[in-house]
Amino acid sequence: MKTLSATLAALSLAVAAGSAMAAPVALSFQQTDADGYAADLFSGAPGEFSDIHNFVLSGNVWLSGEIKAVIVDAGPEATTPYLDIQQAYLKSVTSGQRIDLVQTVGFDWAHGFSGTEVWTLSPVLLTAGEWTLYVSGVGINDKGADGYDATFNTVAGELPEPAALALVATALAALALSRRRRGA
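About the criteria used
What you see as residue numbers is a count from 1 along each chain, following the sequence as written. Reporting in this predicted model follows two pLDDT cut-offs: at least 70 for local features of residues, and 80 or more for side-chain atom pairs to be given and counted; totals over whole chains, interfaces and linings ignore these cut-offs and use all residues. Side-chain measures were taken over the full set of non-hydrogen atoms in the model, leaving aside hydrogen atoms and water. Runs of E in the DSSP output that reach at least two residues are strands. Runs of H or I that reach at least four are helices, and both are numbered from the N terminus. Each residue is placed in one exposure class: buried if its accessible area under a 1.4 Å probe, protein chains only, is under 20% of its type's maximum, exposed if it is over 50%, and partly exposed if it falls in between. A contact between two residues is defined here by any heavy atoms of the two lying within 4.5 Å. Computed by Shrake-Rupley with a 1.4 Å probe, the accessible areas treat only the displayed protein chains as cover when residues are assessed. Think of a nonpolar core as a cluster: buried Ala, Val, Leu, Ile, Met, Phe, Trp, Tyr and Cys residues, connected wherever their side-chain atoms sit within 4.5 Å. In this description, strands pair whenever DSSP reports at least two bridges between them. Every angle, taken between N-to-C directions, lies between 0 and 180 degrees, and every axis is a line fitted to C-alpha atoms, over only the stretch in contact when it is a helix. Pairs of N or O atoms are called polar contacts if they sit within 3.5 Å, as long as, within protein, a hydrogen donor faces a hydrogen acceptor (for residues adjacent in sequence, only side-chain-to-side-chain pairs).

Participant: How would you sum up the overall build of the protein chain? Please name residues and give values.
Facilitator: A count of helical and extended segments in the protein chain gives 2 helices and 9 strands. What you see in the protein chain, going N to C, is helices and strands ordered as α-β-β-β-β-β-β-β-β-β-α. Every one of the 184 residues in the protein chain was classed for burial, and the buried ones make up 34%. Taking the contacts inside the protein chain whose residues are at least 6 apart along the sequence as the reference set, 83% of them involve residues at least 24 apart. Roughly 10500 Å² of accessible area belongs to the protein chain as shown, and the carbon and sulfur atoms make up 58% of that amount.

This is the structure we're talking about:
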């Protein structure tokens, strides 16, 4: 009976350790007036924007996410934003490391004035510290403002923290000890 209790205790510690991960990280940034009515569609003078969003990570974390161009204040007939995101990247204030987002849904601006854009951050390990998201481009909506939504989240299945690994090691040691005692 003692062996069964020790085995069950070791397995519960292992299960607890597997679920003990860093707190989830969810970051959200929004730009709602990228061109602020400044663009002139007919003269071809777009409104430029260059945005900086700062955030701090308390620990190392695997992060992924995306930036989507969105319609902010157009009429019901509007179907796509007039916003050309030309560059998006994360940069560590501490180390200077730069991680570029990749445009995964694009629009050929040479052949039209509105289109959907999505920039994606593939899962990447970010170190603890201060980070900055840079987003720049042009807005060409002369009738209103367009913008973007940026969302980043912890990647599922991230590696457990050292405390979780210690719990797993303790559980395995208890399991080995219970088997050794049972054999004696």
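Participant: Tell me what's going on with the nonpolar core, and back it up with residues and numbers.
Facilitator: Counting 26 residues, the largest nonpolar core has I67, I85, L90, L101, L126, L133 and F152 as the members making the most contacts within it. Secondary structure elements with two or more residues in this core: β1 (26-31), β2 (47-57), β3 (61-71), β4 (83-92), β7 (118-126), β8 (129-139) and β9 (146-154). Not counting the four nearest positions on each side in its chain, I85 is found in contact with F49, I67, A69, E117, W119, V135, S136, G137 and Y148.

Participant: A description of the sheet that holds β2 should follow, citing residues and the corresponding values.
Facilitator: A sheet is described by the order of its strands in space; here 4 strands give the open sequence β2-β8-β4-β5, paired in antiparallel fashion. With partners counted over all chains shown, the strands left at the sheet margins are β2 and β5 (98-100), one partner each. Looking at each pair of strands side by side, their axes are set apart by 20 degrees on average, direction ignored. Inspection of the sheet shows β4 paired to β8 by 9 bridges, in the antiparallel sense.

Participant: Account for the environment of R98, naming residues and giving values.
Facilitator: Within the secondary structure, R98 is located in strand β5. Residues R98 and W131, 33 residues apart in the sequence, show an inter-C-alpha distance of 9.7 Å. In contact with R98, other than residues within four places in its own chain, are Q87, Y89, L90 and K91. Side chain to side chain, R98 and D100 meet in a polar contact 2.9 Å long.

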